[in-house]
Amino acid sequence: MGKETITAEQIKDKLSVPFDSSEILKYCKKWKRILQEVKSDCMYKKIAVLGGSTTKHLKDTLELFLMREGIQCDFYESEYNRYWEEGVFENRELEQFSPDIIYVFTSYRNLNLDEVLECQYDKYEQLWEKLQERYHCTILQNNFELPFYRLLGNQDAVLNKGDTYYINRMNEKLYTYAGNHNNFYVVDLHYLAAEFGLSKWYDLNTWYLYKYAFSLEAVPLVAWNVSRIIKAMCGKNKKGFVLDLDNTLWGGVVGEDGPDHIEIGEGTPVGEAYLEFQKYIKRHEDLGIVLNICSKNDICTALEGIQKEENLLKQDDFFIIQSNWNRKDENLKTIAEKLNVSVDSLVFLDDNPAEREIVNQNLPAVETPSFDSVEHYIQLVDQNHYFEVLNLSQEDQKRNDMYRENKLRKQEEERFQDYGSYLRSLDMKARIHPFQEAEWDRIFQLVQKSNQFNLTTKRYTMNEIQEMSKSPDYMTLSGRLRDRFGDNGIVSLIVVQKEDETAHIRLWVMSCRVLGRNMEYAMFDALLVRCRQCGIRKIKGYYFPTDKNGLVKDLFQRLGFEHEDGCIWCYDIPKAGGEMNEYIAIQEEGD
């Protein structure tokens, strides 16, 4: 490998689960150099790692995994086991670094199991509170894995003198804190150690010699999981599955064996394995993940297979079913277009390596994991963390309903020759107001996830959102859109910074599911009203182009802005008029 040529795409494949930890550790520096040479639309983050043990390899592999996702990072590393002192006390170097994320990397090794639990927990809470107060950024905190011994044997988790009992209670306090604090996320070291195996997790030689809290072989696994959280924070989660049928959702080939002879359900080991996989996939619907089919079958044959009584997944569970003899990469493009998402939002699951390779070659942005046998399907999909959950908003849980409502809207649109008449037929109503505390979770989520309609690509933290909501120097707008088919939820956000008589648009995002519905004009009209109320005479807009936000490159021009310089556009607010929304009724609070 050292002398062989390896491409960036091959490196990205090697950085997917299942990966070879020893290979990653060996070639980490070389692979980073190759990925750095690839010109791409990157996001930048500053990450501070405050370590309770040695963190060098963790930082290096974390950087590599984030580069795979198009996230470039600068890092700050604390001195060995100085995480508490560097976090709690004044730290000019860390203040100058100004981190976006602080990762508190502690482990069982950093617990004093003889100390009163409440006192020890209070020290951690003091650390987190100081970090929030001083740096106003996202905090990641490891929970605590079990030790490599059980002093009390099987009762170690039951009796209050047991170390297992102590660690479990400590973790419970940590989870409670995380549940009550936005912008604070737990890295589940406890689970990872169990998954890896405690007997392998602890390498006492590396601890005594180099102060690594666990085996070097486990370091990439931890770094991978941390990268999944950061990837989700940066709006890089996937949005939907595209599933093959034969030997993916059931055993056998329905077109050859017939629906009566495909294996699914209880009765055979293979049938039970496919049924459990279907259960796992179906549970994603509750998270707002949309399910689709891409199969090489006649549509009637595919539906006969889906309708087999033993299937847990039914026809209604799938939003789009592309079952034909077209190339699967072409069908994936069609599915993305119908969903109104980019192809990199999709995860393609197919047991056939030839089909996966065609998709890999022609649509490398689609995640296409390698499958072997059905008993490993769940682990393979789950360990890739395609849909890492940071929080669950009402919009998440209703997203599949929203996709179906959009499908009805599309069918309605086809009835009209005039697009304006179609928009009027929707009977759209919007409520636009400043950010409200009850909406902060959804606002944060929309800021992180929006890529296509995102003018400045700024990803604010939850703390920044809250501070801007309360600051007299900022003006915020949140827009919710309803129509006769349903409630789309909060779909658009604007943040402007006020400087004298000028308002600078620092953020403008909108959900792709309402593109083409006139909502951008309704939001701009609301902005004009509030600017006039504040004595603002001029609005400056900023457009920073990326690989994904080309659809808004002419937005400011359409709104009547004049191009000033580079990314800057300028709009002189008229004393009256200027409104552009024709199709959406604006509701006042209480309507």
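Higher on the page you've got the structure.
It should be emphasised that the depicted structure is a prediction, and the values quoted were computed from it without experimental measurement. (Residues numbered from 1 in each chain as written. Predicted model: local features only at pLDDT ≥ 70, side-chain atom pairs only at ≥ 80, totals over all residues. Heavy atoms only, no water.)

### Observations regarding the nonpolar core
Step number 1: Among the nonpolar cores identified, the biggest contains 93 residues, and W128, L140, W201, F214, V222 and I230 are the most heavily contacted of them.
Step number 2: Among the elements that take part in this core, helix 11 (residues 219-233) stands out by supplying nine residues, more than any other.
Step number 3: Not counting chain neighbours up to four residues away, the residues in contact with V222 comprise L58, Y103, F105, L189, L192, W201 and F214.
Step number 4: Core analysis: the next-biggest nonpolar cluster, separate from the first, contains 42 residues, L477, F556, Y571 and Y583 among them. (Core = buried A, V, L, I, M, F, W, Y, C linked by side-chain atoms within 4.5 Å. Buried < 20%, exposed > 50% of the residue type's maximum accessible area, 1.4 Å probe, protein only. Helix = DSSP H or I, 4+ residues; strand = E, 2+ residues; numbered from the N terminus. Contact = heavy atoms within 4.5 Å.)

### Considering the environment of E172
Step number 1: By the element assignment, E172 lies in helix 7 (residues 163-180).
Step number 2: Judged by relative accessible area, which is 42%, E172 ranks as partly exposed.
Step number 3: For E172 and V495, which are 323 residues apart along the polypeptide, the C-alpha to C-alpha distance reads 37 Å.

### What about the packing of aromatic side chains?
Aromatic ring pairs are defined here through the distance separating the ring centres and the angle between the ring planes.
Step number 1: If you walk through the whole model with that rule in mind, you get 35 aromatic pairs.
Step number 2: Considering the side-chain rings of F19 and F65, the 5.5 Å spacing of their centres and the 45° angle between planes classify their relative orientation as tilted. Separated by 46 residues along the polypeptide, F19 in the loop between helix 1 (8-14) and helix 2 (21-37) and F65 in helix 3 (residues 56-68) bring together distant segments of the chain.
Step number 3: Exposure remark for F19: the relative accessible area of 18% places this residue in the buried category.
Step number 4: Every member of this aromatic cluster is reached through a ring pair, and the members are Y83, Y121, Y124, W128, F144, Y177 and F184.
Step number 5: Positioned above the aromatic ring of F97 is the side chain of K46, whose terminal nitrogen or guanidinium carbon lies 5.9 Å from the ring centre.
Step number 6: The residue whose ring lies beneath R228 is W224, and the NZ or CZ to ring-centre distance is 3.8 Å. (Phe/Tyr/Trp six-rings, centres within 6.5 Å; stacked < 30°, edge-to-face > 60°. Lys NZ or Arg CZ within 6 Å of the ring centre and 35° of its normal.)

### Notes on the sheet that holds strand 1 (residues 43-51)
Strand pairs in the sheet, formed through backbone hydrogen bonds, run parallel or antiparallel to each other.
Step number 1: Pairing is parallel across the open sheet formed by five strands, whose spatial order is 2-1-3-4-5. Only two strands of the sheet have a single neighbouring strand rather than two, namely strand 2 (71-77) and strand 5 (184-187). Across the sheet, the mean angle from the axis of one strand to that of its neighbour is 25°, orientation sign disregarded.
Step number 2: Pairing between strand 4 (residues 138-142) and strand 5: four bridges, direction parallel. Within strand 5, the residue paired with N142 across the bridge is V187. (Pairing = 2+ DSSP bridges. Axes fitted to C-alpha atoms, helices over the stretch in contact; angles between N-to-C directions.)

### Notes on helix 3
Step number 1: Between its first and last C-alpha, helix 3 extends 19 Å over 13 residues, near the 18 Å set by a 1.5 Å rise per residue.
Step number 2: For helix 3, a buried count of eleven out of 13 residues is recorded, marking the element as mostly surrounded by other parts of the structure.
Step number 3: L58, K59, D60, T61, L62, E63, L64, F65, L66, M67 and R68 are the residues of helix 3 that are buried.
Step number 4: For helix 3, the secondary structure elements touched by its buried residues are helix 1, helix 2, strand 1, strand 2, strand 3 (101-105) and helix 11.
Step number 5: One or two residues past the end of helix 3 sits G70, with phi positive at roughly 80°. (Expected span 1.5 Å × (residues − 1).)

### As for the pairing of strand 13 (residues 486-499)
Step number 1: With twelve of 14 residues buried, strand 13 is to be regarded as a mostly interior element.
Step number 2: Pairing between strand 12 (residues 474-483) and strand 13: nine bridges, direction antiparallel. Bridge pairing in strand 13 places Y474 opposite Q497.
Step number 3: With antiparallel pairing between neighbouring strands as the criterion, strand 12 and strand 13 make up a hairpin whose turn holds two residues.
Step number 4: Where strand 13 and strand 14 (residues 502-510) come together, eight bridges link them in antiparallel fashion. Looking at the pairing, S492 lines up with M510 of strand 14.
Step number 5: If you look at the hairpin formed by strand 13 and strand 14, you'll find two residues sitting between the two strands, and D500 has a positive phi there, around 55°.

### Points about empty space enclosed by the protein
In this approach the atoms are scanned with a rolling probe the size of a water molecule, which exposes any empty space left behind.
Step number 1: Counted under the stated rule, the structure contains two cavities of 30 Å³ or more.
Step number 2: What the largest cavity holds in volume is close to 60 Å³.
Step number 3: What lines the largest cavity is S16, R68, E69, W224, R228, K231, K238, E367, N384, H385 and Y386.
Step number 4: Element by element, the count of residues in the lining of the largest cavity is highest for helix 11, at three residues.
Step number 5: A class-by-class count of the residues in the lining of the largest cavity yields two nonpolar, three polar and six charged.
Step number 6: Considering only enclosed or pocket space, the second largest cavity measures out at about 50 Å³ in volume.
Step number 7: Lining the second largest cavity, in full, are S53, T54, T55, L58, F105, Y212, A213, F214 and V219.
Step number 8: Partitioned by chemical class, the residues of the lining of the second largest cavity number six nonpolar, three polar and no charged. (1 Å grid on protein atoms, 1.4 Å probe; cavity = no way out; pocket = protein on both sides within 12 Å on 5 of 7 lines; lining within 4 Å. Points joined across faces, edges and corners; volume = space filled by probe spheres on them. Nonpolar A, V, L, I, M, F, W, Y, C, P; charged D, E, K, R; others polar.)

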